[in-house]
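Single-letter residue listing:
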Amino acid sequence: MEILIISGLSGGGKSRAASFLEDIGYYTVDNLPAEMMMKFAGFCAASSGRYDRVALVYDVRSGEPTDMLIDTLEQLKASGVNCRMLFLEADTPTIINRYKETRRMHPLQAKGLSIEEAVRRERVLMQPVRDHADFVLDTSSLSTAKLRSELLNLFGTPSDRGGLNVSVLSFGFKHGIPIEADLVFDVRFMPNPYYVAELKNKTGLDQEVRDFVFSFQQTHEFMEQLEKMIGFLLPLYSEEGKTALVIAIGCTGGHHRSVAVAHELAAYITREGYQVTENHRDISR
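All of the points below concern the structure found in this document. All figures in this text were calculated on a predicted structure; none of them were measured in a lab.

1. Digging into the packing of helix H1 (residues 14–23) against helix H6 (residues 144–155)
Then, number 1: One can describe the packing of H1 onto H6 by two numbers: an axis separation of 10 Å at closest approach and a directional angle of 55 degrees. Between H1 and H6, the crossing angle belongs to the class labelled oblique. Between H1 and H6 lies a crossing of right-handed hand. When H1 is examined against H6, the residues Arg 16, Ala 17, Phe 20 and Leu 21 are found in contact with a partner set consisting of Thr 144, Leu 147, Arg 148, Leu 151 and Phe 155.
Then, number 2: Residues that form the contact of H1 with H6 fall into these classes: six nonpolar, one polar and two charged.

So this is what it looks like as structure tokens:
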């Protein structure tokens, strides 16, 4: 069993970190007092593997002396539990800005302190915890993707780092642009098979329609440029820590041109070594 204690400064990114860890299989518990951690560890150990990766969030909201957390950490390690602690922090201006953006009150402001005084006081209170942490992350300049990438590197398994999953989606503009799309490409400049009687009731998955769409020079030039762009972008998205990318290809109705191009693009991305899902949203409308 593995227990990861997530601690740190308020506004340091503990909630985001817990959410990311939950995505990769950790069972997360927020604001668990140190005095309950040993009992919770016993419960997890008796769960027959159901709670074999646990992340416990601890901060000043508990109101406990920090030495209780340090003692609990040592007890867990002595009992044979694989227990580590991650401490998240940020510089004071960043923390103040984060609280202003969310319009929330710092936990220590309830004692009549200004937010800057509250952050300064919390640093002093949490310093012993920081000194006992196995990992310390300063999130001041970390984007959401970079934080996720750091956490994957520290706590992810090989399957967690499965890489970028790409979804190629065709659609019809008259039915609306897919809200989940990261990249949208419009192929309505291509000649439309809809106006060819023998192709009207077929789709871009039929060879006759594909042959028609790709019989034009502009289609080949577009695909060449599109594949060049996608081939450039995918490694960069992976390095940034992005795990899912939706590429949407649109034509008027979503039956012919967009389907043929999306199918061709999905094949290209597969050849490049990425996991690809191909969907045609409006093909049956």
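Once the structure has been displayed, the description carries forward.
2. Looking at the state of the cysteines
Then, number 1: On inspection of all chains with the given rule, the structure shows zero disulfides.
Then, number 2: With no disulfide partner, Cys 83 has as its closest neighbouring cysteine sulfur the one in Cys 44, 11 Å distant.
Then, number 3: By relative accessible area, Cys 83 is classed as buried at 4%.

3. Some details on the pairing of strand S7 (residues 183–186)
Then, number 1: Because side chains alternate across S7, one face comprises the buried residues Leu 183 and Phe 185, and the other comprises Val 184 and Asp 186, none of which is buried.
Then, number 2: By the bridge criterion, four bridges tie S7 to strand S8 (residues 244–251) in an arrangement that is parallel. Along S8, the bridge assignment pairs Val 184 with Ala 248.

4. Examining the sheet that holds strand S5 (residues 135–138)
The pairing of strands in a sheet comes from backbone hydrogen bonds and takes either a parallel or an antiparallel form.
Then, number 1: In spatial order, the strands read S2-S3-S1-S4-S5; together these five strands make up an open sheet with parallel pairing. Every other strand in the sheet has two partners, leaving strand S2 (27–29) and S5 as the edge strands with one partner each. The mean angle between the axes of side-by-side strands here comes to 20 degrees, regardless of whether they run parallel or antiparallel.
Then, number 2: Taken together, the five bridges between strand S1 (residues 2–8) and strand S3 (residues 53–57) define a ladder with parallel strand orientation.

5. What to know about unusual backbone geometry
Then, number 1: Phi angles above zero are rare outside glycine, and Asn 31 is one such case at about 55 degrees.
Then, number 2: With a phi angle near 60 degrees, Arg 103 is a residue other than glycine that sits in the positive phi range.
Then, number 3: Looking at where Arg 103 falls in the secondary structure, it is placed in the loop between helix H4 (92–102) and helix H5 (115–131).
Then, number 4: A relative accessible area of 79% means that Arg 103 is categorised as exposed.

Rules used throughout
- Residues numbered from 1 in each chain as written.
- Predicted model: local features only at pLDDT ≥ 70, side-chain atom pairs only at ≥ 80, totals over all residues.
- Heavy atoms only, no water.
- Axes fitted to C-alpha atoms, helices over the stretch in contact; angles between N-to-C directions.
- Helix = DSSP H or I, 4+ residues; strand = E, 2+ residues; numbered from the N terminus.
- Parallel < 35°, antiparallel > 145°, perpendicular 65-115°, else oblique.
- Left-handed = near helix turned anticlockwise from the far one by under 90°.
- Contact = heavy atoms within 4.5 Å.
- Nonpolar A, V, L, I, M, F, W, Y, C, P; charged D, E, K, R; others polar.
- Disulfide = S-S within 2.5 Å.
- Buried < 20%, exposed > 50% of the residue type's maximum accessible area, 1.4 Å probe, protein only.
- Pairing = 2+ DSSP bridges.

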